[in-house]
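# Survey of secondary and tertiary structure
Now for the letters of each chain:
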Amino acid sequence: MFEQYLDRTKTIRSGEELDLARLEPFLREHLPQTEGPLAIEQFPSGHSNLTYLVKFGTHEYVLRRPPFGSKVKTAHDMGREFRVLKHLHAHYAPAPEPLCHTDELDVIGAPFYVMRRIPGVILRRDPPPGLDLTPEIATRLGESFIDNLADLHAVDYAEIGLADLGKPEGYVERQVSGWIKRYSGSQTDEIPEVERVAAWLTENLPAENSAALIHNDYKLDNVLLDTRDITKIAGVLDWEMSTLGEPLSDLATTVSYWIEETDSPELQLIRWGPTTVPGSLTRQQLVDRYAARTGRDTSNIVYYFVLALFKTAVIAQQIYYRYHQGLTQDQRFAFFIEATKILVRAADAAKDRGTL
């Protein structure tokens, strides 16, 4: 029903080509079905790891590799991401099935892994032309979207073999100090709100609560919607930041991406999905539904919300740093310094306001 809105690929961006002479033999040896000629295109969206569509005849796979010129090596650990999916796929259906991986640099010059493609619709800033998100669809999508996050947090990470993925103890404190340090390491401009937000986060650390397997970047353009019913989640992508940690932090990251119709004009500039259409849930409604489904106490969600906004601001700063230093020529990244400023200002306002 919604096949015409499938996520589309484009020709590979200049400077991000893959060495097919070395890659093709590797793929034919390690993938289950490689009949027919090899064709590779690139998924044009995304701002971190690079993602390519690999086709052998009618068989489709997805290859992920780190970005060119990245300064933050630990954020692009292909082996770790592959391992998460290998353990998770059988227990959480939206996790893609990973098929092969290598850390060796002699194939394409970087570590990479390949997974089976999940066909699906991805909603980005605005719905594709012709796709009518009615109020009923928008409401049901918001409900299934947050329910799916709750389902992920219910996975028994120890039982599926991921107990050593992270260190839940002291997770939030490490997040606060770590993101402050990362900002310092990639700073290019003076942004006065950064110091205020960093101090507030440090001084108001919450008591440790619980731990779960968390995605850390769960937002609408990281989920694939079922082509038969776009209110259902078919897949969840981009597991590069997944770890064991505070589930409220994961929830807050998700709602920090959720821009509402009444938000300021500058926040509308960084809207990640069509979350302002009639029928969309509010951030508080997302949190309330999550609390009802999981039984978790979300009374301190504003702290995690401020942290989430700050974290995303730092990620934007790191991306801009690569552009500022000339490590990438991707012109999409020129705006990211403005995104950093908008997000830090939003974090500063939220801490003073005390609400989402």
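For the structure itself, look to the data block above.
The rules behind each value
Residues numbered from 1 in each chain as written. Predicted model: local features only at pLDDT ≥ 70, side-chain atom pairs only at ≥ 80, totals over all residues. Heavy atoms only, no water. Helix = DSSP H or I, 4+ residues; strand = E, 2+ residues; numbered from the N terminus. Rg over C-alpha atoms; globule rule 2.2 N^0.38 Å. Buried < 20%, exposed > 50% of the residue type's maximum accessible area, 1.4 Å probe, protein only. Salt bridge = Lys/Arg side-chain N within 4 Å of Asp/Glu carboxyl O. Core = buried A, V, L, I, M, F, W, Y, C linked by side-chain atoms within 4.5 Å. Contact = heavy atoms within 4.5 Å. Phe/Tyr/Trp six-rings, centres within 6.5 Å; stacked < 30°, edge-to-face > 60°. Lys NZ or Arg CZ within 6 Å of the ring centre and 35° of its normal. Pairing = 2+ DSSP bridges. Axes fitted to C-alpha atoms, helices over the stretch in contact; angles between N-to-C directions. Parallel < 35°, antiparallel > 145°, perpendicular 65-115°, else oblique. Left-handed = near helix turned anticlockwise from the far one by under 90°. Nonpolar A, V, L, I, M, F, W, Y, C, P; charged D, E, K, R; others polar.

### Some thoughts on the overall build of the protein chain
A count of helical and extended segments in the protein chain gives ten helices and nine strands. The C-alpha atoms of the protein chain give a radius of gyration of 20 Å, which matches the 21 Å a tight globule of 356 residues would have. Viewed in the frame of its principal axes, the protein chain has a C-alpha envelope of about 60 × 45 × 45 Å. Relative to its 356 residues, the protein chain shows a buried fraction of 54%.

### Re the pattern of salt bridges
Throughout the structure, instances matching the rule amount to 29 salt bridges. One salt bridge connects R64 with E240, and the closest N-O pair in it is separated by 3.4 Å. One end of the pair, R64, is in strand β3 (residues 59-65); the other, E240, is in the loop between β8 (233-236) and β9 (243-245), with 176 residues separating them in the sequence. By relative accessible area, R64 is classed as buried at 3%. R196 serves as the salt-bridge partner of D348, at 2.7 Å between the closest nitrogen and oxygen. Of this pair, D348 sits in helix α10 (residues 336-353) while R196 sits in helix α5 (residues 192-203), placing them 152 residues apart in sequence. Overall, D348 belongs to the buried group, its relative accessible area being 8%. By relative accessible area, which is 42% here, R196 ends up partly exposed. Through salt bridges with shared partners, a single ionic network connects E143, D147, D151, R289 and R293.

### Let's talk about the nonpolar core
Formed by 92 residues in total, the largest nonpolar core has its most connected members in L88, L201, W239, L251 and I301. In terms of residue count, the dominant contributor to this core is helix α9 (residues 301-324) (16 residues). Residue contacts for L88: discarding those within four places in its chain leaves A95, L152, V155, I160, L213 and W239. Of all hydrophobic cores here, the second largest spans 18 residues; its members include L31, Y52, F56 and Y61.

### Overview of the environment of V197
Topologically, V197 is positioned in helix α5. Classification of V197 as buried rests on a relative accessible area of 0%. Sequence separation between V197 and I230 is 33 residues, and the spatial gap between their C-alpha atoms is 37 Å. Among all residues touching V197, those that are not within four sequence positions of it are V306, F310, V344, A347, D348 and K351.

### Focus: the packing of aromatic side chains
A complete count under the given rule lists eleven aromatic pairs for this structure. On the numbers, 6.2 Å between centres and 40 degrees between planes, the contact of Y320 with Y323 is tilted. With Y320 and Y323 both in helix α9 and three residues apart, the pair spans about one turn of that helix. Members of the aromatic cluster, each reached through a chain of ring pairs, are F145, Y218 and W258. Stacked on the ring of Y257, the Lys or Arg K219 has its end atom at 5.0 Å from the ring centre. Note that K219 overlies the ring of W272, its terminal NZ or CZ placed 4.9 Å from the centroid.

### Quick notes on the sheet that holds strand β1 (residues 38-42)
One open sheet accounts for five strands, arranged β1-β2-β3-β5-β4; its pairing is antiparallel. Strands with a single pairing partner mark the edges of an open sheet, and in this sheet they are β1 and β4 (98-102). Taking the axes of each pair of neighbouring strands and ignoring which way they run, one obtains an average angle of 25 degrees across the sheet. Where strand β2 (residues 50-56) lies against β3, seven bridges are found, and the strand directions are antiparallel. Bridge pairing links T51 to R64 in β3. In the packing of helix α1 (residues 20-30) onto the sheet, contacts are made with β1, β2, β3, β4 and β5 (112-116), and the angle to β1 comes to roughly 110 degrees.

### Notes on the packing of helix α4 (residues 171-186) against α5
The relative placement of two packed helices is expressed as an angle between their axes plus a distance between the axes. Where α4 meets α5, the closest approach of the two axes is 10 Å, and the angle between their N-to-C directions is 160 degrees. Classed by the angle they form, the pair α4 and α5 counts as roughly antiparallel. The chirality of how α4 crosses α5 is left-handed. Residues V176, I180 and Y183 of α4 touch α5, and the partners they reach there are V194, A198, L201 and T202. Grouping the constituent residues of the contact of α4 with α5 by class yields six nonpolar, one polar and no charged.

### Examining the packing of helix α3 (residues 135-153) against helix α6 (residues 247-256)
One way to put it is that α3 packs onto α6 with a least axis distance of 11 Å and a crossing angle of 160 degrees. One way to sum up the angle between α3 and α6 is to call them roughly antiparallel. The hand of the α3/α6 crossing is right-handed. Residue-level inspection shows F145, I146, L149 and H153 of α3 in contact with α6, the latter providing P247, D250, L251 and T254. A class-by-class count of the residues in the contact of α3 with α6 yields five nonpolar, two polar and one charged.

### Some thoughts on the pairing of β2
A large share of β2 lies buried, amounting to six of its seven residues. Sheet topology note: the β1/β2 ladder contains five bridges and is antiparallel. Paired with A39 across the strands is K55, a residue of β2. From the end of β2 to the start of β3, which pair antiparallel, there are two residues, and G57 there has a positive phi angle of about 60 degrees.

Bear in mind that shape data such as this cannot, by itself, settle questions of function.
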